[in-house]
Amino acid sequence: MHIETYDQLSEQVATLVAQQIATEPDCCLGLPTGQTPIGTYKLLSTWSREGRLNWSKVRCFALDDYLDVPPALSFHTFLSEHLYQHTNIDAGNIFHPGMTDNYDALIEGQGGLDMTVLGIGGNGHIAFNEPGTQFLSWTHCTWLEDSTRKANQASFGTSRPPQKAVTMGVKTILSSRRIVLMASGEKKKAIVEAAFRGPVSRQVPASYLQAHEGLEVLTDFGFSLTR
Ligand code: PGA
C-alpha cells in the first residue's frame, strides 16, 4: 500500500497489528503512546468493538511511562483509554514498566515481544531512550530532554511535564521479533532520514534499529523501509 496520508499510515499499521493477532492470537505486543499512534488505536478499537479482533490471549506491554505523574496522565491510562477499554483484552495481560522492577524478566517470562510498534521523537528517541542512551540498555529510569518535555506539553495544560520516566531499553526493543516504526508529518522527516540513512549513533537512538532484521519503517512523507 502506498502511504500518503496520516489516515493511510494509521490503517497500514493497524492492519499489521491485526494480522499479527490473527496469525498469533497469544502474541506479545509492545505499544507506544504519543500523537502518532492515535489513529491506529482508533481503528483497532473500532475493529475490536465490531468483533473482528480477539484480544483475549494477547499480551500488551507499554513501551514506557512517566514517573511521578497523577495516574490520569500516565501512559498506562492513555493506552487504557485509547485502546484497552475498547477491546476484550484480559486485565491480567496488560503490562507496563512501572509495575515491576524487572520488566525485561517479565517480558521474557511471557515469551518475549513478537511485535513492537514505535514512534520516533523529534530528537531521535525511541520509547524514552533519549540521545546518549547506550546500545546495551535494558529497561531503566531516565531523565527527559527539554525537547521531549516540550513536545509532550499539550497533555499537561499549564503544568510542566515530568522530568523522569521509565522506559524499555534499546536491547529490550531490539529483542522484539518484529518492529514497526511509524512517523507522520514533515517535522519528522529529517530525523527519520538521519536515523535510517545516516550512521548508527547513540546521538540518534532510533539508528540502533538499523541492526534489526524484522524492521519496518512506515511514514506518510515518502520514506519507507522493509526488511
Ligand atoms: P509523537 O511522539 O507520536 O507524539 O510525535 C513520538 C515519540 O516521542 O516517540
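Per the secondary structure count, the protein includes seven helices and 10 strands. Against the compact-globule benchmark of 17 Å for 227 residues, the protein has a radius of gyration of 16 Å, which places it among compact chains. Projected onto its principal axes, the C-alpha positions of the protein cover 40 × 40 × 35 Å. Expressed as a percentage of the 227 residues in the protein, the buried residues total 53%. The contacts in the protein between residues at least 6 apart in sequence include a share of 76% that link residues at least 24 apart. Accessible surface computed for the protein: about 10300 Å², of which carbon and sulfur atoms make up 50%. One way to put it: in the protein the 18 positive side-chain charges average out to a point 3 Å from where the 23 negative ones average out.

Next up on the list: the pattern of salt bridges. Tallied over the entire structure, the rule returns six salt bridges. The partner of aspartate 68 in a salt bridge is lysine 164, with the nearest N and O atoms 3.9 Å apart. Placement of aspartate 68 in the loop between strand S3 (64-66) and helix H3 (75-82) and of lysine 164 in strand S7 (residues 164-167) is noted, with a sequence separation of 96 residues between them. Note on aspartate 68: relative accessible area 67%, which makes it exposed. Residue aspartate 114 pairs with arginine 177 through a salt bridge whose shortest N-O separation is 2.9 Å. Of this pair, aspartate 114 sits in the loop between helix H4 (103-109) and strand S5 (115-118) while arginine 177 sits in the loop between helix H6 (170-174) and strand S8 (178-183), and the two are 63 residues apart along the sequence. Taking relative accessible area as the criterion, aspartate 114 reaches 7% and is therefore assigned buried.

It is worth spelling out the environment of leucine 218 at this point. You can see leucine 218 is positioned in strand S9 (residues 215-219). Given the relative accessible area of 8%, leucine 218 is considered buried. Separated by 35 residues in sequence, leucine 218 and alanine 183 place their C-alpha atoms 6.6 Å apart. With near-sequence residues (within four places) excluded, leucine 218 lies in contact with Ile3, Leu9, Gln12, Val13, Leu16, Val180, Leu181, Met182, Ala183 and Phe223.

With that settled, consider the packing of helix H2 (residues 38-49) against H3. When two helices pack together, their arrangement is given by the angle between their axes and by how far apart the axes lie. Orientation of H2 relative to H3, taken along the N-to-C sense of each, is 45 degrees, at an axis distance of 9 Å. In terms of their interaxial angle, H2 and H3 are classed as oblique. Here H2 contributes Ile38, Tyr41 and Ser45 to the contact with H3, which in turn contributes Phe78, Leu79 and His82. Of the residues contributing to the contact of H2 with H3, the split by class is four nonpolar, two polar and no charged.

The next point concerns the sheet that holds S3. Read from one edge of the open sheet, three strands run S3-S7-S6, paired in antiparallel fashion. The open sheet has two edge strands, S3 and strand S6 (140-143), and neither has a second partner. The average angle at which neighbouring strand axes cross in this sheet is 25 degrees, direction not considered. In this sheet, S7 lies alongside S6 in antiparallel orientation, the contact comprising four bridges. Bridged to tryptophan 143 within S7 is lysine 164.

Near the ligand the following residues occur: Gly34, Gln35, Thr36, Gly119, Ile120, Gly121, His125 and Lys188. One nitrogen or oxygen atom from the main chain of glutamine 35 is found 2.9 Å from an oxygen atom belonging to the ligand. One nitrogen or oxygen atom from the side chain of histidine 125 is found 2.6 Å from an oxygen atom belonging to the ligand. Protein chains bury 82% of the 290 Å² of accessible surface belonging to the ligand in isolation. For the shell around the ligand, a count of residues per class yields one nonpolar, six polar and one charged.

Counted under the stated rule, the structure contains eight aromatic pairs. Feature note: the residues Tyr66, Phe75, Phe128 and Phe156 constitute an aromatic cluster, connected by ring pairs.

Definitions and limits used
- Residues numbered from 1 in each chain as written.
- Predicted model: local features only at pLDDT ≥ 70, side-chain atom pairs only at ≥ 80, totals over all residues.
- Heavy atoms only, no water.
- Helix = DSSP H or I, 4+ residues; strand = E, 2+ residues; numbered from the N terminus.
- Rg over C-alpha atoms; globule rule 2.2 N^0.38 Å.
- Buried < 20%, exposed > 50% of the residue type's maximum accessible area, 1.4 Å probe, protein only.
- Contact = heavy atoms within 4.5 Å.
- Areas by Shrake-Rupley, 256 points an atom, 1.4 Å probe, with all protein chains shown as cover.
- Lys, Arg positive; Asp, Glu negative; His and termini not counted.
- Charge placed at Lys NZ, Arg CZ, Asp CG, Glu CD.
- Salt bridge = Lys/Arg side-chain N within 4 Å of Asp/Glu carboxyl O.
- Axes fitted to C-alpha atoms, helices over the stretch in contact; angles between N-to-C directions.
- Parallel < 35°, antiparallel > 145°, perpendicular 65-115°, else oblique.
- Nonpolar A, V, L, I, M, F, W, Y, C, P; charged D, E, K, R; others polar.
- Pairing = 2+ DSSP bridges.
- Near = heavy atom within 4 Å.
- Polar contact = N/O pair within 3.5 Å; in protein donor to acceptor, adjacent residues only side chain to side chain.
- Phe/Tyr/Trp six-rings, centres within 6.5 Å; stacked < 30°, edge-to-face > 60°.

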